[in-house]
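# Survey of secondary and tertiary structure
For reference, the chains in residue letters:
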Amino acid sequence: MMTRPAGAPRAAPEGDWPALYGALESRRKNEIAALLRIGLALAAAPDLPDLLQAVYQSLSGALDLTWFVAGLADEAAGQLAFPLWMEGGLSRPAPPVDLYRNNSLVTLSVRLRQPLTSVEAPSMFSSPHLAPGIALPLAYIVLPLMSQGRAMGALAAGSPRHTAYGDDELRLLNLVASMLSLAVEKARLYEAVARHARSLEERVVARTAELESEKIRFESTVQGLSEGLILFDLQEDVSFANERARSLLGLPLETLLGLNAQALWRQPALALDEPETVRREFAQALQDVESYPTLAVSVSGERQVTGDERRVTGGDTRHTTHDTRHTARDLSLRLFPVRDGGGKLLGRGLILQDITREREMDRMKDELVNMVSHELRTPLASVLGFAELLLTRDFPEAKRRQLIETIHKEAERLSALINDFLDLRRLEVGRQPLAFGDVCLAEVVQSVAAGFALTQPEHTLLLDVPPDLPPVRADPDRLGQAVRNLLANAFKYSPRGGRVTVTARAYADGDEARLTVGDEGLGLPAEVIPRLFQRFYRVDSSDRRQIGGTGLGLAIVKEIVNAHSGRVWAESRGPGQGSTFGFTLRLAVPRNGRRPLRGDEASAGVDGRPTAPAEPYILVVEDDPGAASLFREHLESAGMRVVVAAQPEVALDLVRQRAPLGVALDVCLPDPHQGWRLLSSLREVYPLNRLPIVVTSVLDERDKGMALGATGFLTKPFDPRRLVALLARPAAEVLVVDDETMILELTRSILQKSGYRVRIAPGGRAALENLAASLPDVMILDLMMPGMDGFEVLERLRALPGGRELPVVVVTAKMLDRSDLDHLHRYGAFLLAKGDYTAVRLRAAIEQALREKRADYGEGVPL
Amino acid sequence: MTRTVLIADDDASLRLLVSTTLADDSLELLEAPDGQQALALARQRRPDLILLDVSMPGLTGLEVCRALKANLPTARVPVVMLTAQGQDSDRERGLAAGAAAYLTKPFSPLQLLHLVEGLLKAERLSNPE
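Every chain is numbered on its own, with residues counted from 1 as its sequence reads. Labels follow written order: the first chain is A, the first ligand is 1, and so on. Residue-level local features of this predicted model are given only where pLDDT is at least 70; pairs of side-chain atoms are given and counted only at 80 or more, and the full residue set underlies all totals for whole chains, interfaces and linings. Side-chain measures here rest on the full set of heavy atoms in the structure, leaving out hydrogens and waters.

So, about the overall build of chain B. Each helix and strand in chain B was counted, giving 6 helices and 5 strands. Helix numbers and strand numbers start at the N terminus; a helix is a DSSP run of H or I with at least 4 residues, a strand a run of E with at least 2. Listed N to C, the secondary structure of chain B is β-α-β-α-β-α-α-β-α-β-α in terms of helices and strands. By the convention used here, residues are in contact when the closest approach between their heavy atoms is within 4.5 Å. Put simply, 59% of the contacts in chain B that link residues at least 6 apart link residues at least 24 apart.

Structure (structure tokens):
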């Protein structure tokens, strides 16, 4: 191949000037026409392939073209592509060539940024496939498409004539090349801009979706909270209040939104107990928001009462018909700063918790102490006073006798009080052992009634208890005590005599029997009915006050019936109209023929072998059915599945089948050695941090229990709620990692309420420091954080000692792609999807994470 | 000269204790089992001293005391509150209601006797009829 630089002079054709001139003229015209058409095509700015096609069409009129090629360089890919490749007027697809290795003139021209001409056939011409009628180019010219000193590609034109390209052709091609350069440059710019715009648009869409899901996550979190949440902006005006906040304050959203923090506590609807103090303390707390101040306020005012609340008040509330109550609530307020990712203060947050129940508990405890002391002091005053008088004065025999009788009577009253009180306490804490059996109601009622018939001549006692009633499941002694207390009340509160009727029925479709004791006595005003079953509660009227009694009878009835899983109630048409007290009991065999699954027998499977439930459960190892059913009731109402095992063998069998979430172990089974041995066996298999075991015993053997691996110890009698607290709260420690303070605070609030210990880290780096100090039981990790993101935290965590096993719940607003998911999967993280971030789901995810870890230890390990 | 003392308590044994302790030829004892009867008796009989149990059905001892103090004819009759609540706040409330003294159950009969005699004597000195 021979080359020479293009544009070199060559010999002009000789002779025939007019013809030559005419030919020149016509070629000139063709050239100009071609340039015009190209210019127009360029101005129309079609796609690059269309433009190239137009250029070819225009040029082929002016030049002798058998081969015309446009190559565009892609430096990043190291390729030269050919958007146009014409051979003899036919378009042909041509594969790209290596921009740096291919040595054709076209490629060389780009590399050298120089025009090149050749008088040989181009090496790139596909001669073997030459179609008939297509002439082989014998000369060709390659011009680089230059822009700002760079070669963007090249234009190659070939002619079947050796002498086809002279200065004129060259000039024309040069012009076209530079016009094309401009067009290519423009097209590339346009494409870059379009690409940029597209990516911008994609990012905007993604960020919008992110924000949206972030918002959904936030909304669902705060609306699912059992706490109220109010956000104040920098002007201290309310910018957000969740549903719970509105109901706790009893203020509608319209009132709350935009309300200034100072004005909040001036709302007349709130009816604060100490408005001035609250306003002052709240204003102070707003200033000290950095220290996360907490304060308590009492508010009252109308509010809707939920069905749940209605059910929990009083023994039976069928007489409560109003849905709105004027109730006082004790609220705990906690303020916290709200910041953006960069730590800039955006406003303040306020978390409101209803602590009415807790306060009420405290008040009730105080009240109880006062009541007991009050109830004991009056008879004690008589006993001590008369004794002192008898010791210091002389009385006639008759008077002496009267005083001694009074001492005796008052001492008996004291004794009855103490017995009743202790009975009640034992029942309340489940200490009172209940001996369940199949009991005939008629027998129990008759034997109790026999005692009264003799001592109550002014009353008529009617028994309507069919002897063929199906037997009930009960402790006959306790049941007798309940019936005796109700009968005693009926006689006492009908001082002018009348009929006292005991009725018992069992209904065809139910699984319970119902017993009522009715009298024709003093009756009850409707408003006192919900309080009747409270300790020491007495209806305030003097004829009642004469009646005496310990004030504990009905409270004892209620506790006994509760221990039997029954209900108590009272009814009266009003003062002077008599009253009726009643309770329900479970039938030993319900009418549908299936024996109810209850405390002492729940663990027995159909084949006599106990079966562990498929879902997570709490194992109660307890041989006292009364205590077992009490624990069951409390644990179940805390949302736990309970299985009771009365014998250690049964407990072992269950545990072998499936690891429980926690164990309540009464070591004083028939034989304490068995109990302690069971504890040791459990601990050999399940490490301390994996299975909470709460040991209960009538003896204080805390040290022994803890030494053998108990996580908690309770000396009987104890409040069952303490057991629930020890078991329900796996005392798991959760590290929450999120760059948003709002989410951190909310999550902390949710988790603390659920009994977890919570640590927080406001970002990836803080999380790692936290993890390096000590590992929590579970980590909740936000994926998208500035600085170090969640993926990096995970990666580094897994490299920490022990960090491989730490369960991680990933929460993210980001829509995860395949590789993200693979990534997370590889690091063994649990994923909580964006819309799922509610309190309930969060707890469930944590429980699942903890459980699966436990399962690693729990299953398939032989005892 | 016969003096009249009213004892109001819903507990019959306690009334017996007070009447036995104060039994004297020169003392007439009136008894009331609740607040309303206490107030009625006090207005009707104008006793020289009134012993009031704090927690009585109907009107409480504190309410009776306040009612007595608000009415000129009974305003100057000394009142002793009897209570089974041993807390300081109760004592303060009793004294604020106008009680002259305060006895916490259980109390010694001798203590009661001294208190009653002391108050009657002071009453006699300040009101020499």
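From this point, things continue past the structure.
In this assembly, 24 residues from chain B lie in contact with 27 residues from chain A. Accessible area that two parts lose when put together, evaluated with a 1.4 Å probe and summed over both, is termed the buried area. Carbon and sulfur atoms make up 54% of the area that chain B and chain A hide from each other, which totals about 2,100 Å². Whenever Lys or Arg places a side-chain nitrogen within 4 Å of a carboxyl oxygen from Asp or Glu, that contact is recorded as a salt bridge. Linking chain B to chain A there are 1 salt bridge. One salt bridge connects Arg413 of chain A with Asp11 of chain B, and the closest N-O pair in it is separated by 2.8 Å. Under this definition, polar contacts are N or O atom pairs within 3.5 Å; protein pairs additionally need one hydrogen-donor-capable and one acceptor-capable atom, and for neighbouring residues in sequence, both atoms have to be side-chain atoms. Where chain B meets chain A, there are 8 residue pairs in polar contact (both at pLDDT 80 or more). With 6 residues, helix H1 (residues 12-22) of chain B is the single largest residue contributor to the side of chain B that touches chain A. Think of it as three bins: nonpolar holds Ala, Val, Leu, Ile, Met, Phe, Trp, Tyr, Cys and Pro, charged holds Asp, Glu, Lys and Arg, and polar takes everything else, Gly as well. Here the side of chain B that touches chain A is built from residues that sort into 10 nonpolar, 10 polar and 4 charged.

Another aspect to go through is the confidence of the model for chain A. Residues and elements named next belong to chain A. The predictor attaches a confidence to each residue, called pLDDT, with possible values from 0 through 100. Looking at chain A as a whole, the pLDDT averages 78, with 83% of positions reaching at least 70. Every residue in residues 1-13 scores below 50 in pLDDT, and together they form 24 contacts with partners more than four places removed in sequence or on other chains. With pLDDT under 50 throughout, residues 854-863 is counted as low confidence; its partners more than four residues away or in other chains account for 16 contacts.

With that out of the way, let us pick up the packing of helix H11 (residues 397-429) of chain A against helix H15 (residues 553-563) of chain A. Residue and element names in this part refer to chain A. For helices, the axis comes from a line fit to the C-alpha atoms of the stretch in contact; other axes are also lines fit to C-alpha atoms, and the angle between any two N-to-C directions lies between 0 and 180 degrees. Where H11 contacts H15, the axes come no closer than 9 Å and their chain directions differ by 25 degrees. As summarised for this structure, H11 and H15 are arranged roughly parallel, according to the angle between their axes. Two packed elements cross with a definite hand, and for H11 against H15 that hand is left-handed. Contacts from Asp420, Asp423, Leu424, Leu427 and Glu428 of H11 reach H15 at Ala555, Ile556, Glu559 and Ile560. An angle counts as roughly parallel when it lies under 35 degrees, as roughly antiparallel when it exceeds 145, as roughly perpendicular when it falls between 65 and 115, and as oblique in every other case. Each crossing is labelled by how the near helix is turned from the far one, with a counterclockwise turn of less than a right angle marking it left-handed and a clockwise turn marking it right-handed.

With that settled, consider the sheet that holds strand S26 (residues 693-697) of chain A. Residues and elements named next belong to chain A. Taken in spatial order, the 5 strands of this open sheet run S24-S23-S25-S26-S27, and their pairing is parallel. One side of each edge strand has no neighbouring strand; the edge strands of this open sheet are strand S24 (642-645) and strand S27 (712-715). The average undirected angle you get between the axes of adjacent strands in this sheet is 15 degrees. Strands were regarded as paired on the criterion that DSSP finds at least two bridges between them. Judged from the 4 bridges that link them, strand S23 (residues 618-621) and S24 form a sheet pairing that is parallel. Residue pairing in the sheet places Leu619 in a bridge with Val643 of S24. Sitting on the sheet, helix H16 (residues 625-637) is in contact with S23 and S24, with an inclination near 165 degrees to S24.

Turning our eyes to something else, we now look at the packing of helix H22 (residues 764-773) of chain A against helix H23 (residues 790-799) of chain A. All names here are of chain A. Relative to each other, H22 and H23 sit at 15 degrees, their axes nearing to 10 Å. Accordingly, the angle class assigned to the pair H22 and H23 is roughly parallel. Judged by the sense of rotation from one axis to the other, the crossing of H22 with H23 is right-handed. Contacts from Gly764, Ala767, Leu768 and Leu771 of H22 reach H23 at Val793, Arg796 and Leu797. Residue composition of the contact of H22 with H23, by class: 5 nonpolar, 1 polar and 1 charged.

On to a negative patch on the surface, then. All names here are of chain A. On the surface, Glu358, Asp362, Asp366 and Glu367 cluster together into a negatively charged patch. Here Glu367 lies in helix H10 (residues 356-392). For each residue, the accessible area found with a 1.4 Å probe, counting protein chains only, is set against the maximum for its type, and the residue is called buried under 20%, exposed over 50%, and partly exposed in between. Given a relative accessible area of 41%, Glu367 falls into the partly exposed group. Grouping into patches uses exposed residues only, defined as over 30% relative accessible area, and leaves out salt-bridged ones; the cut-off is 9 Å for like charges and 5 Å for nonpolar side chains (Val, Leu, Ile, Met, Phe, Trp, Tyr). Values of accessible area rely on a 1.4 Å probe in the Shrake-Rupley scheme; residue burial ignores everything except the protein chains shown. Only four residue types enter the charge count, namely Lys and Arg as positive and Asp and Glu as negative; His and the chain termini do not. The atom standing in for a charge is NZ when the residue is Lys, CZ when it is Arg, CG when it is Asp and CD when it is Glu.

This part covers the pairing of S27 of chain A. Residue and element names in this part refer to chain A. Examined bridge by bridge, S26 and S27 share 4 bridges and lie parallel to one another. Bridge pairing links Val694 to Gly712 in S27. Orienting the strands away from the viewer, one traces the path from the first strand over the helix to the second; a clockwise path indicates a right-handed crossover. Each parallel crossover has a hand, and for S26 linked through helix H19 (residues 702-707) to S27 it is right-handed.

Residues and elements named next belong to chain A. As summarised here, the arrangement of the 5 strands in space is S17-S19-S20-S22-S21, forming an open sheet in which the pairing is mixed. Each of the sheet's edge strands pairs with one partner strand only, and the pair in question is strand S17 (459-464) and strand S21 (568-572). Pairwise comparison of adjacent strand axes, ignoring direction, gives a mean angle of 15 degrees for this sheet. Relative to strand S20 (residues 512-518), strand S19 (residues 498-506) runs antiparallel, the two being bridged by 6 bridges. Residue Val502 lies in a different strand from S20, and its bridge partner there is Val517. The strands touched by helix H13 (residues 476-492) are S17, S19, S20 and strand S22 (579-586); relative to S22, the strand with the most contacts, the crossing angle is about 170 degrees.

Another aspect to go through is the nonpolar core. Residue and element names in this part refer to chain A. Residue types Ala, Val, Leu, Ile, Met, Phe, Trp, Tyr and Cys, when buried and joined through side-chain atoms within 4.5 Å, form a set referred to as a nonpolar core. In terms of nonpolar packing, the biggest core is built from 51 residues, with Leu441, Val472, Leu479, Leu487, Leu515, Leu532 and Phe583 touching the most fellow members. Take this core: its biggest share by element is 7 residues, from H13. Leave out the neighbours within four places in its chain, and Leu479 touches Val439, Leu441, Val444, Val472, Ala474, Ile560, Phe583 and Leu585.

This part covers unusual backbone geometry. Of note, the bond from Lys105 of chain B into Pro106 of chain B is cis; its omega dihedral lies within 30 degrees of zero at -10 degrees. Relative to the elements of secondary structure, Pro106 of chain B occurs in the loop between strand S5 (101-104) and helix H6 (109-126). The residue Gln148 of chain A is not glycine, and still its phi comes out positive at about 45 degrees. Looking at where Gln148 of chain A falls in the secondary structure, it is placed in the loop between strand S7 (139-147) and strand S8 (150-159). Look at Arg46 of chain B: it is not a glycine, yet its phi comes out positive at around 45 degrees.

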